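Report on the structure
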Amino acid sequence: MRITICDNDYDFIKSEMDAIENYCARSNLQVSFDVYISPSNLLAANVKEIQVIFMESVFSNTDGVSLAKQLRNQNRDAIIIFITDNDKCAIEGYKVQAFRYILKSKWKEEFNDLMDALVSRLYIESQSIKLKTDEGEEIIPIKNIIYIEGAGGRKTLLHTTINSEPLECRSSLSNLGEILSDNGFIRLQRSYLANMKYIKRIKSYTATMSNGDVIRTSVKKYRDILKRYNDWKSVD
């Protein structure tokens, strides 16, 4: 695991690194660090290689959300974690798809849960998902899922880039929604969960997918759906 830290508090950086190193040692994980005090130095680096970044949201000449937007323009997959004293930018943080937004005052009490979720994201959820089918178990790369359709009776149909026919799985749409919530998926309506990178457009209460399928969106939640998709698309 490679972690980038961008913060102007030297003492807190040391605290972060010590805590992460101890966690990784207990979990038998390898970790390396890239540390930046200045946002400009961070942007001057090869940000395309950033895997995970722990960052402050307040700097003397910029704010962390603006910095994260610039990072997102070059690196779509980086996992952004805000660790900050500022409690006023949490909502803005989700516009850059921040993985977590944690106050420094609660850092120690939330650290283990944060790292458990991060490890799960890095090594499990972001790569593949194991699902039960009538023929046994299937491991599906998440990046290949176009959308998921509820089929009733705790069953779903996975439409993927791998097969022309959907794959029937024994898992509820709600359960898959929880698993995939941090992987760029959006609930279009009660029976459909879509991977936003395969949405060509959302217009007139419908979402057109890259495979040509057209899905009707929730009328009641249409504005929220459209806003979330446009926020996601703006940093794509």
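Before any of the text, the structure's been laid out above.
First things first, this report covers the structure right here in the doc. (Residues numbered from 1 in each chain as written. Predicted model: local features only at pLDDT ≥ 70, side-chain atom pairs only at ≥ 80, totals over all residues. Heavy atoms only, no water.)

Right, let's get into helix 6 (residues 173–180). Where helix 6 is concerned, the buried positions are Leu 173, Leu 176, Gly 177 and Leu 180. Buried residues of helix 6, viewed axially, fall in a sector of 105 degrees; they line one side. Summarising the contacts, the buried residues of helix 6 are in contact with strand 6 (128–133), strand 8 (145–152), strand 9 (155–160), strand 11 (185–189) and strand 12 (192–195). (Buried < 20%, exposed > 50% of the residue type's maximum accessible area, 1.4 Å probe, protein only. Helix = DSSP H or I, 4+ residues; strand = E, 2+ residues; numbered from the N terminus. Arc of directions from axis to C-beta. Contact = heavy atoms within 4.5 Å.)

Mapped onto the fold, Thr 160 is located in strand 9. Among the polar contacts made by the side chain of Thr 160, one reaches the main-chain amide nitrogen of Ile 162 at a distance of 3.2 Å. Here the side chain of Thr 160 touches Asn 163 through a polar contact of 3.2 Å, landing on its backbone nitrogen. If near-sequence neighbours (up to four positions away) are discounted, Thr 160 is found in contact with Ile 140, Asn 144, Ile 145 and Ile 146. (Polar contact = N/O pair within 3.5 Å; in protein donor to acceptor, adjacent residues only side chain to side chain.)

What follows is about helix 7 (residues 222–234). The first and last C-alpha atoms of helix 7 sit 18 Å apart over 13 residues, in line with the 18 Å expected at 1.5 Å per residue. Among the residues of helix 7, Tyr 222, Ile 225, Tyr 229 and Trp 232 are the ones counted as buried. Within helix 7, the buried residues cover an arc of 100 degrees as seen down the axis, which keeps them to one side. Facing away from the buried side of helix 7, by more than 90 degrees, are the exposed residues Arg 223, Asp 224 and Ser 234. Of the surrounding elements, those touching the buried residues of helix 7 are strand 11 and strand 13 (199–203). (Expected span 1.5 Å × (residues − 1).)

This brings us to the nonpolar core. Formed by 25 residues in total, the largest nonpolar core has its most connected members in Phe 54, Ile 81 and Leu 118. Residue assignment for this core shows that the elements contributing at least two residues are strand 1 (2–6), helix 1 (10–26), strand 3 (52–55), strand 4 (79–84) and helix 5 (107–125). At 8 residues, helix 5 tops the list of elements feeding residues into this core. Among residues more than four places away in sequence, those in contact with Leu 118 are Met 1, Val 52, Phe 54, Ile 79, Ile 81 and Phe 99. Formed by 18 residues, the second largest nonpolar core is a distinct cluster that contains Tyr 36, Ile 50, Ile 53 and Ala 78. (Core = buried A, V, L, I, M, F, W, Y, C linked by side-chain atoms within 4.5 Å.)

Considering all chains together, one arrives at 8 salt bridges under this definition. Residues Lys 14 and Asp 18 are paired through a salt bridge, measuring 2.7 Å at the closest nitrogen-oxygen approach. Remark: Asp 18 and Lys 14 occur in helix 1; sequence separation between them is 4 residues, near one turn of the helix. Lys 104 serves as the salt-bridge partner of Glu 56, at 2.9 Å between the closest nitrogen and oxygen. (Salt bridge = Lys/Arg side-chain N within 4 Å of Asp/Glu carboxyl O.)

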